[in-house]
Amino acid sequence: MLLINDPDFSAVRTLAESYSRTRWVGIGQRGVGFTGDAGTDATNNSFNNWSRHFLPNGRTLRAIRVEWSRGDINVDGEADRVQDITSFAASIVINSVVHRLFFGGQPSTTITAGRGTLLSDPLWIDSAAATDFIVRAYGKWTGTLKLAATPDSTVVLTGEGCNRGTDLTNRTMDAFDAAAPVNSGSGLFTPVAIHALLDGDTPVIGLLTDSIGKGTNDTSPTTTYGWKGYIQKSLQNALPWVYTGRGGHRIWYLASRDDGERSVLMNSGITHLILAMVTNDLWIGRTKAQILADTQTVCARYWDYGVKTYIVTCPPRTTGTYTSAAGQSIYDAAKEPVRLDYNDDVRANWISYGHSGLIDMAAVLEDPAAPGKWVSSGAVARTNDGVHPNTSGVNNLVAAGIVTPSMFT
């Protein structure tokens with residue numbers, strides 16, 4: 001029998017409300033791509049992978065669990081993986097203490113080939129004053145292993161690496177101050193999501209992006225956690241977010257099959273989804289009607305669970321030199337009217353289409369005096385390739401406030 005001095009039950013209500021707001025949410029993902037985004041290894045048979053992740057500002061961590069993909073990405077979107085990863089083991093280093101992860105109560109498991117994801121058992125944390133942590137993983141395979149894209153060398157953080165070789169020793173339980181494995185070859189075997197049990201309610205943002213949202217050509221990532229691109233730099237760690245995008249992504253890929261990425265995002269308890277892609281659909285010849293229909297198909301799967309969605313406009317695509325409008329030529333004159341029509345349509349109708357916001361990249365990156373050309377204010381190029389904003393373009397997008405944490409609170 002519990003006796004407390006709480007005549008009006010205020011303490012009980014406070015405790016109950018605290019636990020009712022505690023839920024699993026996705027945290028700690030930098031943009032490194034979905035498994036199979038880039039990098040394959042047919043030479044080696046084992047890996048030790050360490051990756052560094054962050055916690056949202058000012059949140060108390062109660063527990064953590066980690067999710068890895070059973071599937072891959074190929075040229076047409078999601079695909080089943082064709083080989084198992086055996087002897088798989090993992091740990092988390094937080095506050096300089098190494099914690100073994102378990103899978104159904106076992107210290108190792110097999111990530112069976114196919115689709116879906118592997119989720120670790122919860123790791124209950126007694127104290128979580130840390131701001132970041134390391135996830136370590138070990139596994140063996142036969143055949144060709146696909147890996148997530150390795151971030152640019154400037155983004156790989158202290159304590160990270162993926163060493164691959166023949167019959168490597170499992171290093172997941174090494175002492176916390178052991179040197180990180182030396183990265184070998186292209187790609188990391190990173191988690192596709194980190195889940196935390198946080199104290200209190202919070203919005204959680206899902207990022208489904210192409211290479212523009214990923215931060216391609218942003219050569220000046222933040223020094224603390226290597227955030228790249230206008231979305232990551234805008235959100236930083238003000239609130240939880242989870243990234244499942246990749247270079248070359250298309251909305252019609254998602255409309256055809258998105259069970260892996262959607263599973264990761266829904267397991268992460270997202271409340272808002274940024275669908276930051278359209279350029280690859282448009283420039284391969286999808287019509288405005290097709291893009292809008294595919295967008296509705298994808299977003300309806302999230303609306304069914306009360307998730308709010310945000311879409312983007314399409315920036316220009318040009319060739320030439322980018323320090324002036326005169327130096328640029330429109331990449332495909334036949335498709336340019338479709339881009340302009342799409343942008344006008346979503347600017348006028350995003351609310352009626354069911355979305356909670358429009359992220360107008362084109363309004364910041366396109367020269368209003370020369371439609372179809374990139375802005376080059378003061379002869380400073382905002383792109384290096386006519387497709388992706390460079391660091392100057394990204395910083396202008398951030399400064400314009402087209403994505404801010406306050407949009408989701």
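Refer to the structure printed above.
Residues numbered from 1 in each chain as written. Predicted model: local features only at pLDDT ≥ 70, side-chain atom pairs only at ≥ 80, totals over all residues. Heavy atoms only, no water.

> Let's hear about the overall build of the protein chain: which residues, and what values?
Tallying secondary structure elements over the protein chain gives 10 helices and 22 strands in all. Computed over its C-alpha atoms, the radius of gyration of the protein chain comes to 22 Å, within 12% of the 22 Å expected for a compact globule of 409 residues. If one aligns the C-alpha atoms of the protein chain with their principal axes, the spans along those axes are about 75 × 65 × 40 Å. The buried share of the protein chain, taken over its 409 residues, is 55%. Considering only contacts in the protein chain between residues 6 or more positions apart, those separated by 24 or more positions represent 81%. Surface accessibility of the protein chain: about 16000 Å² in total, with carbon and sulfur atoms responsible for 52%. The centroid of the 34 positive side-chain charges in the protein chain is displaced by 1 Å from the centroid of its 38 negative side-chain charges. (Helix = DSSP H or I, 4+ residues; strand = E, 2+ residues; numbered from the N terminus. Rg over C-alpha atoms; globule rule 2.2 N^0.38 Å. Buried < 20%, exposed > 50% of the residue type's maximum accessible area, 1.4 Å probe, protein only. Contact = heavy atoms within 4.5 Å. Areas by Shrake-Rupley, 256 points an atom, 1.4 Å probe, with all protein chains shown as cover. Lys, Arg positive; Asp, Glu negative; His and termini not counted. Charge placed at Lys NZ, Arg CZ, Asp CG, Glu CD.)

> Just give me the short version of the pattern of salt bridges, but keep the residues and values in it.
Using the criterion set out here, one finds 21 salt bridges in the structure. With a closest N to O distance of 2.9 Å, Asp259 and Arg257 form a salt bridge. Across the pair Arg262 and Asp258 runs a salt bridge whose closest N-O atoms are separated by 3.0 Å. Classification of Asp258 by relative accessible area gives buried; the value is 2%. Within this structure, Glu78, Asp80, Arg115, Arg257 and Asp259 form a network of salt bridges that share partners. (Salt bridge = Lys/Arg side-chain N within 4 Å of Asp/Glu carboxyl O.)

> Describe the nonpolar core, listing the residues and the values that go with them.
In terms of nonpolar packing, the biggest core is built from 88 residues, with Trp68, Phe88, Tyr230 and Ile274 touching the most fellow members. Discounting chain neighbours no more than four positions away, the residues touching Phe88 are Phe47, Trp68, Phe103, Pro107, Ser108, Thr109, Ile111, Leu118, Ala137, Tyr138, Gly139 and Phe189. (Core = buried A, V, L, I, M, F, W, Y, C linked by side-chain atoms within 4.5 Å.)

> Describe the packing of helix 7 (residues 288-303) against helix 8 (residues 336-349), naming the residues involved and giving the relevant values.
Interhelical geometry of helix 7 versus helix 8 gives an angle of 45° and a closest axis separation of 10 Å. In terms of their interaxial angle, helix 7 and helix 8 are classed as oblique. Read as a crossing pair, helix 7 and helix 8 show a hand that is right-handed. The segment helix 7 lies against helix 8, with Lys288, Ile291 and Leu292 engaging Val338, Asp341, Tyr342, Asp345 and Val346. (Axes fitted to C-alpha atoms, helices over the stretch in contact; angles between N-to-C directions. Parallel < 35°, antiparallel > 145°, perpendicular 65-115°, else oblique. Left-handed = near helix turned anticlockwise from the far one by under 90°.)

> Explain the pairing of strand 16 (residues 205-209) to me, and be specific about the residues and the numbers.
Extensive coverage of strand 16 is indicated by the burial of five of its five residues. Summarising the sheet, strand 16 and strand 17 (residues 241-243) pair through three bridges and their orientation is parallel. Residue Leu207 lies in a different strand from strand 17, and its bridge partner there is Tyr243. One ladder, built from five bridges, connects strand 16 with strand 18 (residues 272-276); its direction is parallel. Of the residues in strand 18, the one forming a bridge with Thr209 is Ala276. (Pairing = 2+ DSSP bridges.)

> Now, about the packing of aromatic side chains: what can you tell me, with residues and values included?
Throughout the structure, instances matching the rule amount to 12 aromatic pairs. With centroids separated by 5.1 Å and ring planes inclined at 85°, the aromatic side chains of Phe54 and Trp227 adopt a geometry described as edge-to-face. Residue Phe54 is located in strand 3 (residues 46-54), and its partner Trp227 is located in the loop between helix 2 (211-214) and helix 3 (229-235); the two are separated by 173 residues in the primary sequence. Residue classification places Phe54 among the buried residues on the basis of a relative accessible area of 1%. By the ring-pair criterion, three or more aromatic residues cluster together here, those being Phe47, Trp68, Phe88, Phe103, Trp141 and Phe189. Stacked on the ring of Trp24, the Lys or Arg Arg65 has its end atom at 4.2 Å from the ring centre. Note that Arg136 overlies the ring of Trp50, its terminal NZ or CZ placed 4.0 Å from the centroid. (Phe/Tyr/Trp six-rings, centres within 6.5 Å; stacked < 30°, edge-to-face > 60°. Lys NZ or Arg CZ within 6 Å of the ring centre and 35° of its normal.)

> Let's hear about unusual backbone geometry: which residues, and what values?
Here Asn95, not a glycine, exhibits a phi torsion of approximately 55°, which is positive. Looking at the secondary structure, you find Asn95 in the loop between strand 7 (85-94) and strand 8 (97-100). Positive phi values are uncommon outside glycine, yet Asn217 reaches one of about 80°. As for its position among the elements, Asn217 is in the loop between helix 2 and helix 3.

> How would you sum up the environment of Thr279? Please name residues and give values.
Residue placement: Thr279 occurs in helix 6 (residues 279-283). Overall, Thr279 belongs to the buried group, its relative accessible area being 6%. Between the C-alpha atoms of Thr279 and Glu67, which are 212 residues apart in sequence, the distance is 29 Å.

> Let's hear about the sheet that holds strand 16: which residues, and what values?
Ordered by their spatial adjacency, five strands build an open sheet running 17-16-18-19-22, and the pairing between neighbours is parallel. Looking along the sheet, the strands with just one partner apiece sit at the ends: strand 17 and strand 22 (357-359). The sheet shows a mean angle of 20° between the axes of neighbouring strands, taken without regard to direction. Relative to strand 19 (residues 308-312), strand 18 runs parallel, the two sharing four bridges.

> Break down the environment of His272 for me, citing the residues and quoting the values.
Considering the arrangement of structural elements, one finds His272 in strand 18. Among residues more than four places away in sequence, those in contact with His272 are Pro203, Val204, Ile205, Gly206, Val307, Lys308, Tyr310 and Phe408.

> With reference to specific residues and values, describe helix 8.
Taking 1.5 Å as the rise per residue, helix 8 with 14 residues should run 20 Å; its terminal C-alpha atoms sit 20 Å apart, in good agreement. Glu336, Arg339, Tyr342, Asn343, Asp345 and Val346 are the residues of helix 8 that are buried. Where helix 8 is buried, its residues touch helix 6, helix 7, strand 19, strand 21 (328-330), strand 22 and helix 9 (361-365). (Expected span 1.5 Å × (residues − 1).)

> Explain the state of the cysteines to me, using residue names and the numbers behind them.
Tallied over the full model, the rule gives zero disulfides. With no disulfide of its own, Cys314 lies closest to Cys299 among cysteine sulfurs, the gap being 16 Å. Classification of Cys314 by relative accessible area gives buried; the value is 0%. (Disulfide = S-S within 2.5 Å.)

> Provide a residue-level description of the side chain of His195, including the pertinent values.
One can find His195 in strand 15 (residues 193-198). A distance of 2.7 Å separates a polar atom in the side chain of His195 from a polar atom in the side chain of Glu67. Those residues in contact with His195, other than ones at most four positions away along the chain, are Trp24, Val25, Gly26, Ala63, Ile64, Arg65, Glu67, Leu119, Val264, Asn267 and Ser268. (Polar contact = N/O pair within 3.5 Å; in protein donor to acceptor, adjacent residues only side chain to side chain.)

> Before we move on, can you summarise the environment of Cys299 with the specific residues and values?
Structurally, Cys299 is set in helix 7. Residue class for Cys299 comes out buried when judged on its relative accessible area of 0%.

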